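Chains, contacts and geometry: an overview
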Amino acid sequence: MTTKDKRFPLTLSSVVEKSAKAERAGPASRKVATPQTATQNAAQNVVRGRTNESPSPMTARTPPPAPIAPRSTTLVSDAVRGAMVARVAKQGVKDAKVLAALDAVPRHLFVEPALASQAYIDASLPIGHHQTISQPYIVARMIEVMRANGNGGVLDKVLEIGTGCGYQAAVLSLVAKEVYSIERIKPLHELAKSNLRPLRIANIRLQYGDGMLGLPQAAPFDGIILAAAGLEVPQALLEQLSIGGRLVAPVGGRHQVLQLIERIGKFEWTNTTLEDCHFVPLRPGVV
Ligand code: SAH
């Protein structure tokens, strides 16, 4: 909680208050959280809630005008996100730190307003330029696998390939000390910057470039996550893993599998195939 406080100074007012409020709301808030009503609730929340989001910590704490019911809308948003996290847990993600991180990041702020009503269903959604925000389950699963290292889940430096809208980078910022994220499409790099700015996350570094080359100047990384699928994992990324580090990547063309690659020595890596998945393609170069 304390580290979260530091990393989300702005939204934290809502995050910090949330547990108390959610407890008060209790079963009632969970009862409404079927996918359909979650969608409707999120829609309502975003229509009203977005106007309550403010990039300034000062105004964020200022009570909004009377007709808006901020407490109930925050509760709805929290409850819908809580239901999403519960579904992800039910699908098999067990790592409590990952689930808490998923619970803390307002996913609806990473999709365009027209799609915000769907932000908490377990699906990938378009973010423009033929790319998608990843499905919450797979975001959580990849981070869980990356954290299952020989170091008790401690991650000093991690690298994400494929920033997209910045959602997974925000989740990663709550489980790693430093997060580097590379995006090859300039407008998406800019989108991620503007999505992340109001959250004031101090430990994310966004980079515009070809992630297939990695980020040698910041290597080695304890963890690397690819959010796009290549036919194989680029050698440069394997070289930029620390010994004991874990890389999680979708690999394949039409049929893709999630792979875990662990570096066990200077010249030695192990490879484990985990489950089927579906990601946008990893492409070389920048646009
Ligand atoms: N991480 C995102 C998912 C983005 S989708 C989330 O939080 O939901 C995958 C992204 O990978 C796309 O934005 C795509 O442009 C990007 N991508 C594909 N190949 C890349 C490469 N070589 N380097 C960097 N980004 C790449």
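Anything mentioned here points back to the structure above.
What you see is a predicted model; the values in this text were computed from it and never measured.

Some details on unusual backbone geometry
Put simply, Ala-219 and Pro-220 share a cis peptide bond, and its omega is 5 degrees. In this fold, Pro-220 is placed in the loop between β5 (204-208) and β6 (221-226). The backbone phi angle of His-129 is positive, close to 55 degrees, even though this residue is not glycine. Assignment of secondary structure puts His-129 in the loop between β1 (125-128) and β2 (131-133). Residues other than glycine seldom take positive phi values, yet Arg-200 does so here, at roughly 50 degrees. When you line up the elements, Arg-200 lands in the loop between α9 (186-196) and β5. The exposure class assigned to Arg-200 is partly exposed, which follows from its relative accessible area of 39%.

Things to note about the site of the ligand
Lining the immediate surroundings of the ligand are 26 residues, of which Ser-134, Glu-160, Glu-183, Gly-211 and Arg-283 lie closest. Within the backbone of Ser-134, one N or O atom sits 2.7 Å away from an oxygen atom of the ligand. Residue Gly-162 places a main-chain N or O atom 2.8 Å away from a nitrogen atom belonging to the ligand. Relative to its unbound accessible surface of 580 Å², the ligand loses 99% to contact with the protein. A majority-of-atoms criterion places the ligand in the second largest pocket. The greatest single-element share of the shell around the ligand, amounting to three residues, is contributed by β2. Of the residues in the shell around the ligand, the class split is twelve nonpolar, nine polar and five charged.

Concerning the sheet that holds strand β7 (residues 241-252)
Strand order in this open sheet of seven strands is β5-β4-β3-β6-β7-β8-β9, and the pairing throughout is mixed. Looking at the sheet topology across the chains shown, the edges are occupied by β5 and β9 (268-277). Averaged over all pairs of adjacent strands, the angle between their axes in this sheet comes to 15 degrees, without regard to strand direction. Note that β6 and β7 share four bridges and pair parallel. Note on β7: the bridge partner recorded for Gly-223 is Arg-246. Each of β3 (157-161), β6, β7, β8 (256-265) and β9 is contacted by helix α7 (residues 136-147), which is oriented at about 150 degrees to β7, the strand it contacts most.

Rules and cut-offs
Residues numbered from 1 in each chain as written. Predicted model: local features only at pLDDT ≥ 70, side-chain atom pairs only at ≥ 80, totals over all residues. Heavy atoms only, no water. Helix = DSSP H or I, 4+ residues; strand = E, 2+ residues; numbered from the N terminus. Buried < 20%, exposed > 50% of the residue type's maximum accessible area, 1.4 Å probe, protein only. Near = heavy atom within 4 Å. Polar contact = N/O pair within 3.5 Å; in protein donor to acceptor, adjacent residues only side chain to side chain. Areas by Shrake-Rupley, 256 points an atom, 1.4 Å probe, with all protein chains shown as cover. 1 Å grid on protein atoms, 1.4 Å probe; cavity = no way out; pocket = protein on both sides within 12 Å on 5 of 7 lines; lining within 4 Å. Sits in = over half its atoms within 2 Å of the grid points. Nonpolar A, V, L, I, M, F, W, Y, C, P; charged D, E, K, R; others polar. Pairing = 2+ DSSP bridges. Axes fitted to C-alpha atoms, helices over the stretch in contact; angles between N-to-C directions. Contact = heavy atoms within 4.5 Å.

Taken by themselves, the reported measurements are silent on function.
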